[in-house]
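Each chain, written out:
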Amino acid sequence: MPLSEHEQRMLDEIENALYADDPKFASSVRKTGGTGGRRPAGVVVALGIVGVALLVGGLALDFKPGGFPVLSLVGFLVMFAAGVMALRSAPSTGSSSTGASGGTRVPGAGKSSFKGADGQSYSSRMEDRFRRRFEQ
């Protein structure tokens, strides 16, 4: 499910504040991309199909050592591994542009110097929102 415009703006603000506060960490995150390495989609699909075949085949066959369908368990584990690989190699939909937040950076104002249009720092705006939610 895609993020709303408001959620995307807030995520961009958090990202920009992180880049401003800790540039060394931000550059290391940009290099790795935050996800695992890319895997060909064919490998993931093939593993998923093999996992389903093992799962169904383990139930259909009469091979159950100790009364437990071991082949089906192996099929489930292969399908699970394919799912994890698919999720880790999925392209991220987040934006990594640093100028799309709409706020202004105030020089020399400290860590919470990322100011929005109303002049409040990001942390004070978030605290206000938190208080308003629980006062209702």
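Up top you'll find the structure we're talking about.
Residues numbered from 1 in each chain as written. Predicted model: local features only at pLDDT ≥ 70, side-chain atom pairs only at ≥ 80, totals over all residues. Heavy atoms only, no water.

Asker: Would you mind showing me how to read the overall build of the protein chain here?
Answerer: Regarding its fold elements, the protein chain presents five helices and two strands. Within the protein chain, the fraction of its 136 residues that count as buried is 19%. The long-range share in the protein chain, meaning contacts at least 24 apart out of those at least 6 apart in sequence, stands at 55%. Summing over all exposed atoms, the protein chain offers an accessible surface of approximately 9700 Å²; the carbon and sulfur share of this is 65%. (Helix = DSSP H or I, 4+ residues; strand = E, 2+ residues; numbered from the N terminus. Buried < 20%, exposed > 50% of the residue type's maximum accessible area, 1.4 Å probe, protein only. Contact = heavy atoms within 4.5 Å. Areas by Shrake-Rupley, 256 points an atom, 1.4 Å probe, with all protein chains shown as cover.)

Asker: What exactly am I supposed to notice about helix H1 (residues 5–21) here?
Answerer: An α-helix turns once every 3.6 residues. As a result, residues three or four positions apart point the same way. Compared with an ideal rise of 1.5 Å per residue, which puts 17 residues at 24 Å, H1 spans 24 Å between its outermost C-alpha atoms and is within 8% of the ideal. Within H1 the residues assigned to the buried category are Gln-8, Met-10, Asp-12, Glu-13, Glu-15, Asn-16, Ala-17 and Tyr-19. (Expected span 1.5 Å × (residues − 1).)

Asker: Honestly, the packing of H1 against helix H5 (residues 122–135) in this entry has me stumped. Any pointers?
Answerer: Between two packed helices, what matters for the description is the angle formed by their axes and the separation of those axes. Two numbers describe how H1 lies on H5: the axes approach to 11 Å, and their chain directions differ by 135°. Between H1 and H5, the interaxial angle falls into the category oblique. Relative to H5, H1 is oriented so that their crossing is left-handed. Of H5, the residues touching H1 (which contributes His-6, Met-10, Glu-13 and Ile-14) are Tyr-122, Arg-125, Met-126 and Arg-129. Each residue belonging to the contact of H1 with H5 can be placed in one class, and the counts come to four nonpolar, one polar and three charged. (Axes fitted to C-alpha atoms, helices over the stretch in contact; angles between N-to-C directions. Parallel < 35°, antiparallel > 145°, perpendicular 65-115°, else oblique. Left-handed = near helix turned anticlockwise from the far one by under 90°. Nonpolar A, V, L, I, M, F, W, Y, C, P; charged D, E, K, R; others polar.)

Asker: Explanation requested: the packing of aromatic side chains in the structure shown.
Answerer: Aromatic ring pairs: the centre-centre distance and the angle between the two ring planes describe each pair. Applying the stated rule across the entire model yields two aromatic pairs. Judged by centre distance (4.8 Å) and plane angle (55°), the ring pair of Phe-130 and Phe-134 falls under tilted. Taken together, the residues Phe-130 and Phe-134, both in helix H5 and four residues apart, mark about one turn of the helix. (Phe/Tyr/Trp six-rings, centres within 6.5 Å; stacked < 30°, edge-to-face > 60°.)

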